[in-house]
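Structural overview
One letter stands for each residue in the lines below.
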Amino acid sequence: MNIRRYSELIQIPTFEERFEYLRLDGQVGADTFGSDRYLNQIFYKSPEWKKIRDEIIIRDQCCDLAMPGYDIHGPVLIHHLNPITKADILSRTDLLLNPEYLVCTIQSTHNAIHYGDVNLLITNPIERKPNDTCPWKH
């Protein structure tokens, strides 16, 4: 397994390249925790998760994939750079709470990473200029 690291992620210069670094190419509906989903729900309500979550939001300055200029104005997700498993939760492995393996993101970016679909990423609106749609005024 190729371990992804925050220290490597933040060296990547563009948002699109950061997405490619994290891209998992998963399948919609692929089994992750299945009937043991309650384990990660308990974990995400734990005091240690809430504490590290706040620290990651501050560290990343509430920017999507910690990319300056990609400010998050709605709900913030904390993404595990490396998919976690039932065994990780039961054994409390380093992948769970180590800031080196966590980053801020938004839901659509998170989905794009897991499903490998670049079309799920939010793109900046096209900046319009006077007469830019009038071919005779160029």
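Throughout what follows, the structure given in this document is the object of discussion. (Residues numbered from 1 in each chain as written. Predicted model: local features only at pLDDT ≥ 70, side-chain atom pairs only at ≥ 80, totals over all residues. Heavy atoms only, no water.)

Description of the environment of Asp 64
To keep things clear, this is the line we draw: Comment: elements are numbered from the N terminus, with helices defined as DSSP H or I runs of at least four residues and strands as E runs of at least two. Any residue under 20% of the maximum accessible area for its type is buried, any over 50% is exposed, and the rest in between are partly exposed; the area is computed with a 1.4 Å probe on protein chains only. Two residues form a contact once any of their heavy atoms are found within 4.5 Å. For this analysis, a polar contact is any N or O atom pair within 3.5 Å, provided that within protein one partner can donate a hydrogen and the other can accept it, and provided that sequence-adjacent residues contribute only side-chain to side-chain pairs.
Looking at where Asp 64 falls in the secondary structure, it is placed in the loop between helix H4 (47-59) and strand E1 (77-80). Accessibility expressed as a relative area gives 5% for Asp 64, which makes it buried. For Asp 64 and Thr 105, which are 41 residues apart along the polypeptide, the C-alpha to C-alpha distance reads 4.4 Å. Apart from the residues within four sequence positions on either side, Asp 64 is in contact with Phe 15, Tyr 70, Ile 72, Cys 104, Thr 105, Ile 106 and Thr 109. At a separation of 2.8 Å, a polar atom in the side chain of Asp 64 contacts the side chain of Thr 105.

Details of H4
We count it as follows: What a helix is expected to span follows from its residue count: subtract one and scale by 1.5 Å.
Compared with the 18 Å implied by 1.5 Å per residue over 13 residues, the 18 Å span of H4 between its first and last C-alpha is a close match. Looking at the buried positions of H4, the neighbouring elements they touch are helix H3 (37-44), E1, helix H6 (94-97) and strand E2 (102-105).

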